[in-house]
Amino acid sequence: MLPLSAAQRAELLPTLAGWAPCPPRDAVRKVFEFEDFGAAWSFMSRVALAAERMNHHPEWANVWNRVEVVLTTHDAGGLSMLDIELARCIDRHAAQAGARHH
Ligand SMILES: C[C@H](O)[C@H](O)[C@H]1CNC2=NC(N)=NC(=O)C2=N1
């Protein structure tokens, strides 16, 4: 998997609402808040299945109703197209689960 080019970054990163750079890593980060732990865990279960199908996995942490997600591609040494696709997929699941983001 190739890292994103400068042109791809300029075009694609601004389309990912709420996803912020995560220096010093070449990664993006977003924090989601749900109604309660059950809603957060349900979201994580759905994203886990999608991530497995993509063979591309989030780095994430859960505390009660809060899920912090970091996306990067180890194989590429930074952001790749897979991170863009996974971020879009995560945003769809978060919207369905009624998440708010920070
Ligand atoms: C061996 C395995 O296919 C690879 O390690 C895959 C799995 N999931 C992955 N997920 C992420 N986020 N980055 C990777 O580089 C990656 N690589």
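Residues numbered from 1 in each chain as written. Predicted model: local features only at pLDDT ≥ 70, side-chain atom pairs only at ≥ 80, totals over all residues. Heavy atoms only, no water.

Observations regarding the site of the ligand
The ligand sits among Asn55, His56, His57, Thr72, Thr73, His74 and Asp75. One nitrogen or oxygen atom from the side chain of asparagine 55 is found 3.1 Å from an oxygen atom belonging to the ligand. Measuring from an oxygen atom of the ligand, one finds a backbone N or O atom of histidine 74 at 3.0 Å. Protein contact buries 64% of the 390 Å² of open area that the ligand shows by itself. (Near = heavy atom within 4 Å. Polar contact = N/O pair within 3.5 Å; in protein donor to acceptor, adjacent residues only side chain to side chain. Areas by Shrake-Rupley, 256 points an atom, 1.4 Å probe, with all protein chains shown as cover.)

Topic: the environment of phenylalanine 37
With respect to the helices, strands and loops of the structure, phenylalanine 37 is situated in helix α2 (residues 37-54). Along the backbone, phenylalanine 37 and methionine 81 are 44 residues apart, and their C-alpha atoms lie at a distance of 30 Å. (Helix = DSSP H or I, 4+ residues; strand = E, 2+ residues; numbered from the N terminus.)

Notes on the confidence of the model for the protein chain
Mean pLDDT over the protein chain works out to 97, with 100% of the residues at or above the 70 mark. Note on the complex model: pTM 0.96, ipTM 0.89. (pLDDT = per-residue confidence, 0-100.)

Quick look at the environment of alanine 39
By secondary structure assignment, the location of alanine 39 is in helix α2. Taking relative accessible area as the criterion, alanine 39 reaches 19% and is therefore assigned buried. Residues alanine 39 and asparagine 65, 26 residues apart in the sequence, show an inter-C-alpha distance of 7.3 Å. (Buried < 20%, exposed > 50% of the residue type's maximum accessible area, 1.4 Å probe, protein only.)

Side note on the state of the cysteines
Summed over all chains, the structure comprises zero disulfides. Unpaired in terms of disulfides, cysteine 22 finds its nearest cysteine sulfur in cysteine 89, a separation of 19 Å. Look at cysteine 22 and you get buried, because its relative accessible area is 16%. Among the residues examined, cysteine 89 registers a relative accessible area of 7% and is labelled buried. (Disulfide = S-S within 2.5 Å.)

Some remarks on the packing of aromatic side chains
Given two aromatic rings, one states the distance between the centres and the angle between the planes to describe the pair. Throughout the structure, instances matching the rule amount to four aromatic pairs. Between phenylalanine 32 and phenylalanine 43, the aromatic rings sit 5.5 Å apart at their centres with planes inclined by 50 degrees, giving tilted as the arrangement. Placement of the pair is phenylalanine 32 in strand β2 (residues 25-33) and phenylalanine 43 in helix α2, with a sequence separation of 11 residues. Overall, phenylalanine 32 belongs to the buried group, its relative accessible area being 2%. Among the residues examined, phenylalanine 43 registers a relative accessible area of 2% and is labelled buried. Pairwise contacts between aromatic rings join Trp19, Phe32, Phe34 and Phe43 into one cluster. (Phe/Tyr/Trp six-rings, centres within 6.5 Å; stacked < 30°, edge-to-face > 60°.)

Observations concerning the pattern of salt bridges
Oppositely charged side chains can form a pair if their charged atoms are brought close together. Across all of its chains, the model carries five salt bridges by this definition. Here aspartate 26 and arginine 9 are joined by a salt bridge, their closest N and O atoms 2.9 Å apart. Placement of aspartate 26 in strand β2 and of arginine 9 in helix α1 (residues 6-12) is noted, with a sequence separation of 17 residues between them. Judged by its relative accessible area of 28%, aspartate 26 is partly exposed. By relative accessible area, arginine 9 is classed as partly exposed at 22%. (Salt bridge = Lys/Arg side-chain N within 4 Å of Asp/Glu carboxyl O.)

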